[in-house]
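# Structural features, examined
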Amino acid sequence: AQGDRQTQLDLARAYIQIGQVQGDPYFQNLGDIPGALADFDKAIATVKPVASNPGDREALRTLALALKARSETLFKVSRTPEAVPLIGEVTSIFDKLAADPNVSTALLVEAANAYGVMGDELGQPLTDSLNDVNGAIAAYRKDLSLVLRAHQLDPSEPRTQRAAAVAAMKMGEIEMDTDPMQAIRDLDQSLQFLDAMPKTDQTNFGPSRVRFAVLHRKAVSLNELGRYDEAARLLRDVYESDLRWQNEDPLDIRPFEDLIGDLNDEATGYE
């Protein structure tokens, strides 16, 4: 690949994709964190020489995706102080790319996703975030604003509807303990974004998992309001859905984590 720009970019993207399958927690993955980090490092080393040209938008985008994947994975293994500076680099790159008046819908969705990850690392509840709630809310708001901008460019694009659902879900998640009623309103908005997707897309793997996650967070908010019976019924439905998903892809580590969360929060309601 040396000296061949396009081959370097292709190789870097391949390393990113391999690493995501190995251990990026934001994707279906095998739980191989060391393998994922090693491949993300290879991706970064491969694309950096090309991305040194500030006018090469494709190379900068690839570098941002590689850095984001590494940041996500570090956050997963509680190395958040290492993860946050990386996601800061990512959002800076995407801010420059998104300033182009001819920016694509796909790039805006990627930029929004980066701010969603930043919000997670700064203040996502029940994780090893930095507990910076205000910083997280600001990042999630930026996430949602970029998604809505992408949605205006292409209202029929399912990725923008799903991304809007995720952004609204994360706003609701951070409000669950402090303002559960507002959390439910935001989570219901998230479900509305999902319901607006074409029926054929709603049942796909990604949107289905988002729906389960939204319903789980709504159940936690109901617990906070003392509506324990409603919460228990909802969590039992989510558990059954997550169990079906785990049976469909037994190599993916995430359903096991989701099932543990379902049972823990159901138990909390009973307590």
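See the structure printed just above.
As a starting point, this report considers the structure included with it. (Residues numbered from 1 in each chain as written. Predicted model: local features only at pLDDT ≥ 70, side-chain atom pairs only at ≥ 80, totals over all residues. Heavy atoms only, no water.)

## Re the overall build of the protein
Across its full length, the protein holds 12 helices and 0 strands. The linear arrangement of helices and strands in the protein, starting from the amino end, is α-α-α-α-α-α-α-α-α-α-α-α. Whereas a compact globule of 271 residues would reach a radius of gyration of roughly 18 Å, the protein reaches 19 Å, a difference of no more than 12%. The principal-axis extent of the C-alpha atoms belonging to the protein is close to 65 × 40 × 40 Å. Within the protein, contacts between residues separated by at least 24 positions form 60% of all contacts whose residues are at least 6 apart in sequence. Total accessible area computed for the protein in this model is approximately 12800 Å², and 53% of it derives from carbon and sulfur atoms. Here the protein contributes 28 positive and 44 negative side-chain charges, whose respective centroids are spaced 4 Å apart. (Helix = DSSP H or I, 4+ residues; strand = E, 2+ residues; numbered from the N terminus. Rg over C-alpha atoms; globule rule 2.2 N^0.38 Å. Contact = heavy atoms within 4.5 Å. Areas by Shrake-Rupley, 256 points an atom, 1.4 Å probe, with all protein chains shown as cover. Lys, Arg positive; Asp, Glu negative; His and termini not counted. Charge placed at Lys NZ, Arg CZ, Asp CG, Glu CD.)

## A look at the side chain of Gln161
Tracing the backbone through its elements, the reader meets Gln161 in helix α7 (residues 158-175). Residue classification places Gln161 among the buried positions, given a relative accessible area of 9%. The contact partners of Gln161, leaving out residues within four places of it in the chain, are His151, Pro155, Phe193, Ala196, Met197 and Pro198. (Buried < 20%, exposed > 50% of the residue type's maximum accessible area, 1.4 Å probe, protein only.)

## Here's the deal with the packing of helix α10 (residues 205-224) against helix α12 (residues 254-270)
Running from N to C, α10 and α12 point in directions that differ by 20°, and their axes come no closer than 10 Å. Comparing the axis directions of α10 and α12 gives the class roughly parallel. Every pair of crossing elements has a handedness; the one defined by α10 and α12 is left-handed. Counted together, Phe205, Arg209, His216, Val220 and Asn223 of α10 and Arg254, Asp258, Gly261, Asp262, Asp265 and Gly269 of α12 form the full contact between these two elements. (Axes fitted to C-alpha atoms, helices over the stretch in contact; angles between N-to-C directions. Parallel < 35°, antiparallel > 145°, perpendicular 65-115°, else oblique. Left-handed = near helix turned anticlockwise from the far one by under 90°.)

## Details of α7
Compared with the 26 Å implied by 1.5 Å per residue over 18 residues, the 26 Å span of α7 between its first and last C-alpha is a close match. Burial within α7 is extensive, with 14 of its 18 residues counted as buried. (Expected span 1.5 Å × (residues − 1).)

## Some details on the packing of helix α3 (residues 57-76) against helix α4 (residues 80-98)
Two elements in contact, α3 and α4, have axes separated by 8 Å at closest approach and are oriented at 155°. The orientation of α3 relative to α4 falls into the category roughly antiparallel. In this structure, α3 meets α4 at a crossing whose hand is left-handed. Judged by residue contacts, Arg57, Leu60, Arg61, Leu63, Ala64, Leu65, Leu67, Lys68, Arg70, Ser71, Leu74 and Phe75 of α3 engage Thr80, Glu82, Ala83, Leu86, Ile87, Glu89, Val90, Ile93, Phe94, Lys96 and Leu97 from α4.

## A look at the nonpolar core
In this structure, Leu63, Leu67, Val90, Ile93 and Phe94 are the most contacted members of the largest nonpolar core, which totals 59 residues. In terms of residue count, the dominant contributor to this core is helix α5 (residues 105-123) (10 residues). Discounting chain neighbours no more than four positions away, the residues touching Ile93 are Leu60, Leu63, Ala64 and Leu67. By size, the runner-up hydrophobic cluster in this structure holds 6 residues, among which are Ile184, Leu222, Ala231 and Leu234. (Core = buried A, V, L, I, M, F, W, Y, C linked by side-chain atoms within 4.5 Å.)

## A few points about α5
When the terminal C-alpha atoms of α5 are compared, their 27 Å separation across 19 residues agrees well with the 27 Å that a helix rising 1.5 Å per residue should span. The buried count for α5 comes to 17 of 19 residues, which makes it a mostly enclosed element.

## Here's the deal with the side chain of Asp265
Here Asp265 shows up in helix α12. The charged side chain of Asp265 is buried without a salt bridge, its nearest counter-charge being Arg217 at 7.7 Å. Here Asp265 is in contact with His216, Val220, Asn223 and Leu235, once residues within four sequence places are set aside. (Salt bridge = Lys/Arg side-chain N within 4 Å of Asp/Glu carboxyl O.)

## Here we look at the packing of aromatic side chains
The description of two aromatic rings rests on the distance between their centres and on the angle between their planes. Across all of its chains, the model carries 0 aromatic pairs by this definition. Sitting over the ring of Tyr239, Arg236 keeps its end group 4.8 Å from the ring centre. (Phe/Tyr/Trp six-rings, centres within 6.5 Å; stacked < 30°, edge-to-face > 60°. Lys NZ or Arg CZ within 6 Å of the ring centre and 35° of its normal.)

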